[in-house]
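Each chain, written out:
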Amino acid sequence: MNVLIIGSGGREHALGWKLKQSKQCGKVFFSPGNAGTASVGQNVKLDLSEINTKTTDAVVWFCKQNKVGLVVIGPEDPLSAGLADRLTRPELKVFGPKQAAAQLEADKAWSKKVMREAAVPTAEGRTFTDAEAALRYVQAHETPVVVKAAGLAKGKGVIVCDNAEQAEAAVKAVMIDREFGEAGDVCVIEERLSGQEVSILALVDGRNIFVLEPTQDHKQVGEGDTGPNTGGMGAYTPTPLIDDAMMMRIQREVLVPTVDALRREEIEFKGVLYAGLMLTAGGPKVLEYNVRFGDPECQPLMTRLKGDLLEVMLAVCDGKLDQVDLSWDKRVACCVVMCSGGYPGKYTNGKVITGLDEAAALPDVYIFHAGTKSENGEVVTNGGRVLNVVALADDLPTARDKANAACEKIAFDGAFYRHDIGDRVLNMKK
Ligand code: AMP
Ligand code: GLY
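Residues numbered from 1 in each chain as written. Chains lettered and ligands numbered in written order. Predicted model: local features only at pLDDT ≥ 70, side-chain atom pairs only at ≥ 80, totals over all residues. Heavy atoms only, no water.

A. The overall build of the protein chain, seen in detail. When you go through the protein chain residue by residue, the secondary structure sums to 14 helices and 24 strands. The C-alpha radius of gyration computed for the protein chain amounts to 21 Å, which stays within 12% of the reference 22 Å derived for 430 residues, consistent with globular compactness. The principal-axis extent of the C-alpha atoms belonging to the protein chain is close to 60 × 50 × 45 Å. Buried residues in the protein chain amount to 56% of all 430 residues. Counting only carbon and sulfur atoms, one obtains 48% of the accessible surface of the protein chain, whose full area is about 18100 Å². Looking at charge distribution, the protein chain has the averaged site of its 50 positive side-chain charges lying 3 Å from that of its 58 negative ones. (Helix = DSSP H or I, 4+ residues; strand = E, 2+ residues; numbered from the N terminus. Rg over C-alpha atoms; globule rule 2.2 N^0.38 Å. Buried < 20%, exposed > 50% of the residue type's maximum accessible area, 1.4 Å probe, protein only. Areas by Shrake-Rupley, 256 points an atom, 1.4 Å probe, with all protein chains shown as cover. Lys, Arg positive; Asp, Glu negative; His and termini not counted. Charge placed at Lys NZ, Arg CZ, Asp CG, Glu CD.)

B. Examining the site of ligand 2 more closely. The immediate surroundings of ligand 2 are formed by Asp-217, Lys-219, Gly-231, Tyr-274, Asn-290, Arg-292, Gly-294, Asp-295, Pro-296 and Glu-297. Between Asn-290 and ligand 2, the recorded distance is 3.5 Å, taken from a side-chain N or O atom to an oxygen atom. One nitrogen or oxygen atom from the side chain of Arg-292 is found 2.8 Å from an oxygen atom belonging to ligand 2. Here ligand 2 has 200 Å² of accessible area as a free molecule, and 90% of this is covered by the chains. Class assignment of the residues belonging to the shell around ligand 2 gives a composition of two nonpolar, three polar and five charged. (Near = heavy atom within 4 Å. Polar contact = N/O pair within 3.5 Å; in protein donor to acceptor, adjacent residues only side chain to side chain. Nonpolar A, V, L, I, M, F, W, Y, C, P; charged D, E, K, R; others polar.)

C. Region of the structure containing the packing of helix H7 (residues 131-140) against helix H8 (residues 164-176). Where H7 contacts H8, the two axes come as close as 9 Å, and the packing angle between them is 165°. Here H7 lies roughly antiparallel to H8, going by the angle between them. The two elements H7 and H8 cross, and the hand of that crossing is right-handed. Along the contact surface, H7 presents Ala-131, Ala-134, Leu-135, Val-138 and Gln-139, while H8 presents Ala-164, Ala-167, Glu-168, Val-171, Lys-172, Met-175 and Ile-176. Looking at side-chain class alone, the contact of H7 with H8 contains nine nonpolar, one polar and two charged residues. (Axes fitted to C-alpha atoms, helices over the stretch in contact; angles between N-to-C directions. Parallel < 35°, antiparallel > 145°, perpendicular 65-115°, else oblique. Left-handed = near helix turned anticlockwise from the far one by under 90°. Contact = heavy atoms within 4.5 Å.)

D. Main features of the sheet that holds strand S9 (residues 187-191). Read across the sheet, four strands follow the order S6-S9-S7-S8 without closing on themselves; strand pairing throughout is antiparallel. Across the chains shown, the open sheet's two edge strands, defined by having one partner strand only, are strand S6 (125-128) and strand S8 (158-160). The average angle at which neighbouring strand axes cross in this sheet is 15°, direction not considered. The pairing of S6 with S9 spans four bridges and is antiparallel. What sits directly across from Thr-127, in S9, is Val-188. Along the sheet face, H7 touches S6, strand S7 (145-149) and S9 and points at about 150° away from the line of S6. Across the sheet, H8 lies against S6, S7, S8 and S9, angled at about 5° from S7, the strand it touches most. (Pairing = 2+ DSSP bridges.)

E. Spotlight on the site of ligand 1. In the vicinity of ligand 1, 16 residues are found, and the nearest of them are Glu-190, Glu-191, Leu-193, Glu-197 and Glu-288. Interatomic distance of 3.0 Å between a backbone N/O atom of Glu-191 and a nitrogen atom of ligand 1. The protein chains hide 93% of the 470 Å² of surface that ligand 1 would expose on its own. Looking at the shell around ligand 1, the elements that each hand over two or more residues are S7, S8, S9 and strand S17 (283-290). Residues belonging to the shell around ligand 1 are distributed by class as follows: seven nonpolar, one polar and eight charged.

Read these as geometric descriptors, not functional statements.
Quick look at the structure:
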């Protein structure tokens, strides 16, 4: 079976790399892909700048011409715009939820409502459509809050505030100055929680849930968790923060009630349900839902996954997840993200990248491209997050050191990365 993967990040490179290992997998197409995906399969340009009949008919036509039987949708934007709804047909399976289910990520106000009704533990919060009312609320509020644009804002529409002044400024930025555009039409203001954050990803086939190994992402740009939030600077798996009992609890208190609540509204969820959780003194609480694999969480997960990803994805599409078996490499995988100087702010593309082959030749090291492209026979930067360097080892410190050592072999003008991925657990008091 040929496969089409929509997206251009490290997540899509890692998914394609893993799918390609399946005996059933034929050609893998990526749209638009990057310099790394071109070595797994073929990059193609399908215009999905808008999701409408014309653009999606062209994708269906492409799939027919190229005998594609499965489309894997990586990022949230096409999912929330209804790409899965438009492509799904008897001869074409789609991995990724339909539009209604994707609102769990695209509409934080609705997501909050679903959680509240299903009694899923989450931060106390209120939703505002009126800026004046939101301002009055934060002025009257004494404890620290988090201000969130309710719509999709590339992971940037969340402002964690220390006091009322910062909260006022955040409400203004979201609702009045419209820094995140339409995403700020509605604003969610919630209590600020504290604790370690974990990413729990689960495959869901509408009914059955299969939880993947627990991961921890590092969202802030600077070492020691400082500076603004990014899409993710590095992740490792498994994390010792989650033992079997905690995993069962998360499944019971979070994942199962959420999928059941959707079913009660006749919304079928098929794909990856990703709960961003904070482990608070009062137990795990949901910060947000995503409706896709996390990036970079997906990359270390794929290097540890044993078994046939294509078979698993097809089982999700067919509602037969209870019939597949997945197991994991026992080792720890650590992913370090190499970025362009200036990210998550302004940066310049087109910097020549060297040392890729040398780094990839290291044992148990895998390199997944994100913001890269090929130009005149060279690989050059083409985005803020450029490369994902994953290393496997028996423990987290060794995996992290190996990933850092591989990063050292790679160079491009302005390159930077966090050397401290995993420190949040490695530095924990025993
Ligand atoms: P989100 O996109 O909603 O996951 O938020 C992005 C980041 O903001 C999270 O990874 C957390 O670090 C932080 N955050 C979100 N909600 C809260 C909250 N209620 N309390 C503390 N931090 C939060
Ligand atoms: N790594 C965070 C995300 O994918 O949203």
